[in-house]
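What follows is each chain in one-letter form.
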2 protein chains.
Amino acid sequence: MTNAQTDKQVAHRLSDLGVRYTAGRRAVVAGLANGEGPMTVTELQSTLSVPIPLSSLYRSLSVLSEAGIVSPHHSGHGATRFELAEWLTGHHHHLVCVSCGSVNDIEISSDHEQGLKDLVSALAAGSDFAATDHSLEIDGECRECRR
Amino acid sequence: MTNAQTDKQVAHRLSDLGVRYTAGRRAVVAGLANGEGPMTVTELQSTLSVPIPLSSLYRSLSVLSEAGIVSPHHSGHGATRFELAEWLTGHHHHLVCVSCGSVNDIEISSDHEQGLKDLVSALAAGSDFAATDHSLEIDGECRECRR
DNA sequence: TTCCTTGCAAACGATTTGCATTGGA
DNA sequence: TCCAATGCAAATCGTTTGCAAGGAA
């Protein structure tokens, strides 16, 4: 299930937006909260205790994305992966396995993160671009695929 | 058209691999070489002087990807974007517009790049992951979308 | 000739949508 | 009661593939 803290934050946010926090949406948030990293809709579906049709999952994910509760990621083998937004899980980056397509979260030290931020502002300043976010993707081979 | 230098490098690489550098494949390389950043197959198609069916473009892109001449990117609104590989264009990062989905290349200074590399090795060392590459994605709003 | 490439159309997988039904405030 | 949420089936969209025709070595 979802950690109580996260669940409360989500409930509050949705209530502010006048959006219902239904059983289906709770299931989605709980499923994502239990993952180690962003997951595809099919993966998410398979982790749910109560079966929910894909179309409903997509609809819930869409609502939750617009509410800023989940973030979609497109870096991979065909299917979009979803995870809880960073204000719920903390800022992090991704290890992407080029072999199997799996994605795992990784956190970096605050001084490294500060370095990244500085780099991003410097870059954005030089171009005509209003940067709001950044993400470092590290590609390589995961332990599983290497053996 | 493709810059002569690039074209020659591509021709040489393909010849080494025993793969033909056909008119269709030249058109793809030229189309990508003229772009400002990674483009979708549909975008690529629209820039070609001679019309080429999508299926052929996908097949050419597949061959060229396997030959290491083009790199696919999945960070965006649904469709995969392709661009020439970095050994042809130089290492760079991406500015991704969260509003319209466009992606533009951006280069960073060598000292900043060195910082990134160090960061990546440090992170990979701490986890069970064989890092081979990295890419920094900066999300925000492009000039067009901001006005 | 022989193998690789291309076009066209059909097939596919991921995601979206129309519509009737269900459920919650 | 009344509108939002859900399930199911059909529709879309990006991408892949089978197969027959075209080309280069």
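Scope of this entry: the structure provided in the associated data block. (Residues numbered from 1 in each chain as written. Chains lettered and ligands numbered in written order. Predicted model: local features only at pLDDT ≥ 70, side-chain atom pairs only at ≥ 80, totals over all residues. Heavy atoms only, no water.)

### Some points on the relation of the copies chain A and chain B
The transform that puts chain A on chain B rotates by 179° and translates by 0.0 Å along the axis, for an RMSD of 0.2 Å. Given the turn and translation reported, the copies of this chain are related as if by a two-fold rotation axis. Taking the C-alpha atom as reference, chain A places Leu136(A) closest to the rotation axis, 2.3 Å from it. Here 100% of the interface residues in chain A have copies in chain B that are interface residues too; the copies meet face to matching face. (Least-squares fit on C-alpha atoms with pLDDT ≥ 70 in both. Contact = heavy atoms within 4.5 Å.)

### Some points on the interface of chain A and chain B
Taken together, the contact pairs 33 residues of chain A with 34 residues of chain B. Taken together, the two surfaces of chain A and chain B that pack against each other cover about 2900 Å², and 66% of this comes from carbon and sulfur. On inspection of chain A and its partner chain B, the count reaches four salt bridges. Between Arg146(A) and Asp128(B) there is a salt bridge, with the nearest N and O atoms lying 3.7 Å from each other. Taken together, the connections running from chain A to chain B amount to 12 residue pairs in polar contact (both at pLDDT 80 or more). Secondary structure elements with two or more residues in the side of chain A that touches chain B: β4 (93-97), α6 (110-126), β6 (129-142) and α7 (143-146) of chain A. The greatest single-element share of the side of chain A that touches chain B, amounting to 14 residues, is contributed by β6(A). In the side of chain A that touches chain B, the residues fall into 16 nonpolar, nine polar and eight charged. Pairing of β6(A) with strand β6 (residues 129-142) of chain B involves 13 bridges; the strand directions are antiparallel. For Asp139(A), the partnering residue across the bridge sits in β6(B) and is Asp133(B). (Buried area = accessible area lost by both parts, 1.4 Å probe. Salt bridge = Lys/Arg side-chain N within 4 Å of Asp/Glu carboxyl O. Polar contact = N/O pair within 3.5 Å; in protein donor to acceptor, adjacent residues only side chain to side chain. Helix = DSSP H or I, 4+ residues; strand = E, 2+ residues; numbered from the N terminus. Nonpolar A, V, L, I, M, F, W, Y, C, P; charged D, E, K, R; others polar. Pairing = 2+ DSSP bridges.)

### Notes on the protein's contact with DNA strand D
Lining the immediate surroundings of DNA strand D are 16 residues, of which Arg25(A), Ser56(A), Arg59(A), Tyr58(B) and Arg59(B) lie closest. Within 4 Å of the protein, the contacting atoms of DNA strand D are 62% sugar and phosphate, with bases supplying the remainder. One of the side-chain nitrogen or oxygen atoms of Thr22(A) is found 3.0 Å away from a phosphate oxygen of DNA strand D. Take Arg59(A): an N or O atom from its side chain is 2.8 Å from a base oxygen of DNA strand D. Of all elements in the fold, only α2 (23-34) and α4 (54-66) of chain A together with α4 (54-66) of chain B reach the threshold of two or more residues within the surface near DNA strand D. For the surface near DNA strand D, the per-class residue count stands at four nonpolar, seven polar and five charged. (Near = heavy atom within 4 Å.)

### Some remarks on the sheet that holds β4(A)
As summarised here, the arrangement of the six strands in space is β5(A)-β4(A)-β6(A)-β6(B)-β4(B)-β5(B), forming an open sheet in which the pairing is mixed. At either end of the open sheet lies a strand with only one pairing partner, and these are β5 (103-106) of chain A together with β5 (103-106) of chain B. Geometrically, the sheet is characterised by an average inter-axis angle of 30° between neighbouring strands, direction not taken into account. In this sheet, β5(B) lies alongside strand β4 (residues 93-97) of chain B in antiparallel orientation, the contact comprising four bridges. The residue of β5(B) that forms the bridge with Leu95(B) is Asn104(B). Each of β4 and β6 of chain A together with β5 and β6 of chain B touches α6(A); the most contacted strand, β6(A), lies at about 125° to it. Against the sheet, helix α6 (residues 110-126) of chain B engages β5 and β6 of chain A together with β4 and β6 of chain B, with an angle of about 125° to β6(B). (Axes fitted to C-alpha atoms, helices over the stretch in contact; angles between N-to-C directions.)

In short, shape yes, function no, at least from these values alone.
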